[in-house]
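Geometric and topological summary
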Amino acid sequence: KKQQLVMFHPLSPGCAFFLPHGTIIVQKLMHMLRAEYRTRGYKEVVTPNLYNMKLWEISGHAQHYKQNMFTLRAGAGQGEGER
């Protein structure tokens, strides 16, 4: 808290909001990681921030955190469950 790196909000439990000083650290870490990716021949990928609820059920996270997770229903033709 004293360093003002991140903040959390009750409407988004478990999600860190990076403040300016925290963002600087994240950017420096990402720069270092990207350099390592290139050195080791890896290619970076970006994954979605919304996942099918089945993933959280398999990992066990849904059992513990579902009551605080943001969920939504899939649209027509997108499946039958929560996503």
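The paragraphs below set out a description of the structure included in this document. Computed from a predicted structure; not experimentally measured.

All right, on to the overall build of the chain then. A tally of helices and strands in the chain yields three helices and two strands. Ordered by position from the N terminus, the helices and strands of the chain form the series β-β-α-α-α. Buried residues in the chain amount to 5% of all 83 residues. The long-range fraction of contacts in the chain, counting pairs at least 24 apart against all pairs at least 6 apart in sequence, stands at 12%. If you sum the accessible surface of the chain, you get close to 7,700 Å²; carbon and sulfur atoms cover 59% of it.

With 21 residues, helix α1 (residues 20-40) should cover 30 Å at 1.5 Å per step; its first-to-last C-alpha distance of 30 Å lies within 8% of that length. Remark: G41 follows α1 within two positions and exhibits a positive phi of approximately 80°.

Attention shifts here to unusual backbone geometry. Of note, the phi angle at Q4 is positive, near 50°, even though the residue is not glycine. Tracing the backbone shows Q4 in the segment before β1 (6-7).

A word on a nonpolar patch on the surface. A cluster of nonpolar side chains, I25, L29, M32 and L33, forms an exposed patch at the surface whose accessible area comes to about 350 Å². Relative to the helices and strands, L29 is located in helix α1. Of the residues examined, L29 reaches a relative accessible area of 44% and is grouped as partly exposed.

The next point concerns the pattern of salt bridges. The tally for this structure, following the rule as stated, stands at three salt bridges. The partner of E44 in a salt bridge is R34, and the shortest N-O contact between them spans 2.7 Å. Remark: R34 occurs in helix α1 and E44 occurs in the loop between α1 and α2 (53-59); sequence separation between them is 10 residues. The partly exposed category is assigned to E44, whose relative accessible area is 36%. For R34, a relative accessible area of 34% translates into the label partly exposed.

Criteria and thresholds
- Residues numbered from 1 in each chain as written.
- Predicted model: local features only at pLDDT ≥ 70, side-chain atom pairs only at ≥ 80, totals over all residues.
- Heavy atoms only, no water.
- Helix = DSSP H or I, 4+ residues; strand = E, 2+ residues; numbered from the N terminus.
- Buried < 20%, exposed > 50% of the residue type's maximum accessible area, 1.4 Å probe, protein only.
- Contact = heavy atoms within 4.5 Å.
- Areas by Shrake-Rupley, 256 points an atom, 1.4 Å probe, with all protein chains shown as cover.
- Expected span 1.5 Å × (residues − 1).
- Patch = residues over 30% accessible without salt bridge, like charges linked within 9 Å, V, L, I, M, F, W, Y side chains within 5 Å.
- Salt bridge = Lys/Arg side-chain N within 4 Å of Asp/Glu carboxyl O.

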